[in-house]
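Summary of the model geometry
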Amino acid sequence: MEPVRVAVVQDCSVVFNRPATIDKVKDLTAKAAARGAKLVLFPEAFVSAYPKGLDFGARIGSRTPEGLEDYRRYFDSAIDVPGPDVDSLGAAARSQGVYLAIGVIERGGSTLYCTVLFFGPDGRLMGKHRKLMPTASERLIWGFGDGSTMPVFQTPLGRMGAVICWENYMPLLRMHMYSQGVQLYLAPTADSRETWLPTMRHIALEGRCFVLTCCQYLTRGDCPADYAAPQQDPAEVIMAGGSCIIDPMGRVLAGPDFEGPCILTADLDLDEIPRGKFAMDVVGHYARPDVFRLYVNQRPAPPVVATSRALRNPFDEEEPEA
């Protein structure tokens, strides 16, 4: 099998500025494609911000007017899926003939979701993954995804899917991804600590898959003047990158980089996957379904279901079977 060149982008949003961020995505995608990449991955919440350091004025039992205005600005900089901004991102993929996976903040009605969008080289939106479990204070600003957006896509490059940031610490979600035969395991994140690298190496070894992860490199100077983060020095780093690419045996092919904005590339030999699974396939010969078994609910879970059909009264007695 011919090697597949992939790229992870380590850069930052134009914080709260959706049009400028999308223009930046187009430029960075072109730069990655110029280096031969066929798949380009951007960090979590790249369009148009991972609001690290903000508290949105939230206290138990109260919220400040300033925090509500921060949220209003954040909401306005999010995107609708589908919508014209999605079309623009698709055009970036189409113009370079690449697969594009990118973290966005998605408006779903009046709720925001942390989402990864997947585009084909024809610019078509292949699908999305909504973060199932926002972490800690993220739950103030993002809703929860459900089991209907946990896809793995079959592509000529390999089977690709995404798990966002600390979702990667959900063992059952990882198991579901492995069960779908994921080969290109995409892990956009906002975690730039040095402890992220061993997590990614563990997942590559556990799933016998290639792991691509990227985080923003963001300084205080990249944010608006009124960005209410603890950092005030324009040179102070808010997110330090640490992006990397790992092979199925846990070997680091590129990165981690903590020095500044960059694009990392690597050539992936997918034949390394069956070689690795000779010794361990956690959803195959290394599984014990007689002892452990995972059930996954992939149905959408909308809060309101409208129907014209008569619904059975749940308090009615069920008729006995004949």
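Up top you'll find the structure we're talking about.
Presented here is a report on the structure given in the accompanying data block.

1. Some points on helix H2 (residues 65-76)
- Between its terminal C-alpha atoms H2 stretches 17 Å, which fits the 16 Å expected from twelve residues at 1.5 Å a residue.
- For H2, the set of buried residues is Gly67, Asp70, Arg73, Tyr74 and Phe75.

2. A closer look at the environment of Asp222
- Within the secondary structure, Asp222 is located in the loop between strand S13 (217-219) and strand S14 (237-240).
- If we ignore the near neighbours within four places in the chain, the residues touching Asp222 are Cys12, Val15 and Tyr217.
- Within the structure, the side chain of Asp222 is placed 2.9 Å from the backbone nitrogen of Thr219, a separation counted as a polar contact.

3. Overview of the pattern of salt bridges
- Scanning the entire structure with this criterion turns up 22 salt bridges.
- Of the charged contacts in the structure, one is a salt bridge between Arg107 and Asp80, with a shortest N-O distance of 3.1 Å. Of the two residues, Arg107 sits in strand S6 (residues 99-108) while Asp80 sits in strand S5 (residues 79-80), which places them 27 residues apart along the sequence.
- For Arg107, a relative accessible area of 15% corresponds to the buried category.

4. A look at the pairing of strand S17 (residues 262-268)
- By the criterion of burial, S17 is predominantly enclosed, with five of the seven residues buried.
- Bridge analysis of strand S1 (residues 4-10) against S17 gives seven bridges, and the strand direction is antiparallel. Note that in S17 the partner of Val9 across the bridge is Ile263.

5. Some remarks on the sheet that holds strand S11 (residues 184-188)
- A sheet is described by the order of its strands in space; here six strands give the open sequence S9-S10-S11-S12-S15-S16, paired in mixed fashion. Pairing within the sheet leaves two strands with one partner each, and these edge strands are strand S9 (152-155) and strand S16 (252-257). Neighbour-to-neighbour, the strand axes of the sheet open up by a mean angle of 15°, direction not taken into account.
- Pairing analysis gives three bridges linking strand S15 (residues 243-246) to S16, with the strands arranged antiparallel. Looking across to S16, one finds that Ile245 is bridged to Ala254.

6. A look at a nonpolar patch on the surface
- A cluster of nonpolar residues, Leu172, Leu294 and Val296, forms a patch on the protein surface that exposes about 250 Å² of accessible area.
- Along the chain, Leu294 turns up in the segment after helix H6 (272-277).

Reading guide: rules and limits
- Residues numbered from 1 in each chain as written.
- Predicted model: local features only at pLDDT ≥ 70, side-chain atom pairs only at ≥ 80, totals over all residues.
- Heavy atoms only, no water.
- Helix = DSSP H or I, 4+ residues; strand = E, 2+ residues; numbered from the N terminus.
- Expected span 1.5 Å × (residues − 1).
- Buried < 20%, exposed > 50% of the residue type's maximum accessible area, 1.4 Å probe, protein only.
- Contact = heavy atoms within 4.5 Å.
- Polar contact = N/O pair within 3.5 Å; in protein donor to acceptor, adjacent residues only side chain to side chain.
- Salt bridge = Lys/Arg side-chain N within 4 Å of Asp/Glu carboxyl O.
- Pairing = 2+ DSSP bridges.
- Axes fitted to C-alpha atoms, helices over the stretch in contact; angles between N-to-C directions.
- Patch = residues over 30% accessible without salt bridge, like charges linked within 9 Å, V, L, I, M, F, W, Y side chains within 5 Å.
- Areas by Shrake-Rupley, 256 points an atom, 1.4 Å probe, with all protein chains shown as cover.

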